[in-house]
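Chain residues, written in single-letter form:
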Amino acid sequence: MVSTVGDLSLINGFRLSVFDPCVLINQCGNLFVTIYIDDITIFCSKHSQKEATVALLNWSLR
C-alpha cells in the first residue's frame, strides 16, 4: 500500500518532479500526475495511458 506521493513515484517508473513534489512524471516524460490532498489530475496524450494510470492508482491507493 502507498502511504506517500514519494512511495507512489517508485511504482511503474514515475519520478517526483524537481519543480513541485505533488507532480509525478513517468519515465518517458509524456504522462504527468498531480496529487494534492484528495485531488488527482492526469495529463497525457493517449487514452490508454490514462486508463492504465487510473487502474494503477486504484490498486495503489486502496
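Note that this is a predicted model, so its numbers are computed, not measured. Sequence positions are assigned chain by chain, starting from 1 and proceeding in written order. With the structure being a predicted model, the display of local features is reserved for residues of pLDDT at least 70 and the display and counting of side-chain atom pairs for 80 or more, all residues being used for whole-chain, interface and lining totals. Excluded from the side-chain calculations are hydrogens and water; all other atoms, namely the structure's heavy atoms, are used.

Colleague: What exactly am I supposed to notice about the side chain of asparagine 26 here?
Modeller: Comment: elements are numbered from the N terminus, with helices defined as DSSP H or I runs of at least four residues and strands as E runs of at least two. You can see asparagine 26 is positioned in strand E2 (residues 23–26). Among the polar contacts made by the side chain of asparagine 26, one reaches the side chain of asparagine 30 at a distance of 3.0 Å. When checking whether two residues touch, look at their non-hydrogen atoms; a contact exists if any pair is within 4.5 Å. Other than its neighbours up to four places away in sequence, asparagine 26 contacts Gly13, Phe14, Leu31 and Gln49. Here a polar contact is recorded for every N or O atom pair within 3.5 Å, except that within protein the pair must consist of a potential hydrogen donor and a potential acceptor, and residues adjacent in sequence are included only if both atoms are side-chain atoms.

Colleague: Would you explain the pairing of E2 in this entry?
Modeller: As a general feature of sheets, a regular strand has side chains that alternate between the two faces. Three labels apply to residues, based on accessible area from a 1.4 Å probe with only protein chains included: buried if under 20% of the type maximum, exposed if over 50%, partly exposed otherwise in between. What you see with E2 is no split at all: Val23 and Ile25 on one side and Leu24 and Asn26 on the other are buried throughout. Strand pairing requires that DSSP identify at least two bridges connecting the strands. Bridge count for strand E1 (residues 14–16) against E2 is 3 bridges, and the pairing is antiparallel. Pairing of leucine 16 across the sheet is with leucine 24, part of E2. Adjacent in sequence and paired antiparallel, E1 and E2 are bridged by 6 residues. Bridge count between E2 and strand E3 (residues 31–36): 3 bridges; the pairing is antiparallel. Paired with leucine 24 across the bridge in E3 is valine 33. Hairpin connection, E2 to E3: the antiparallel pair is bridged by 4 residues, and glycine 29 has positive phi, about 80 degrees.

Colleague: Explain the sheet that holds E3 to me, please; I cannot follow it from the model alone.
Modeller: Read across the sheet, 4 strands follow the order E1-E2-E3-E4 without closing on themselves; strand pairing throughout is antiparallel. Whereas interior strands pair on both sides, the edge strands pair on one side only; in this sheet they are E1 and strand E4 (39–44). Across the sheet, the mean angle from the axis of one strand to that of its neighbour is 25 degrees, orientation sign disregarded. Summarising the sheet, E3 and E4 pair through 6 bridges and their orientation is antiparallel. Following the sheet pairing, tyrosine 36 is matched in E4 by aspartate 39. In the packing of helix H2 (residues 47–60) onto the sheet, contacts are made with E1, E2, E3 and E4, and the angle to E4 comes to roughly 150 degrees. All axes here are fitted lines through C-alpha atoms, helices being fitted over the stretch that makes contact, and every angle between N-to-C directions spans 0 to 180 degrees.

Colleague: Help me understand the side chain of threonine 53 in this model?
Modeller: Tracing the chain through its elements places threonine 53 in helix H2. Taking relative accessible area as the criterion, threonine 53 reaches 6% and is therefore assigned buried. Only 2.8 Å separates the side chain of threonine 53 from the backbone oxygen of glutamine 49, close enough to count as a polar contact. Among all residues touching threonine 53, those that are not within four sequence positions of it are Phe14, Leu31, Val33 and Ile42.

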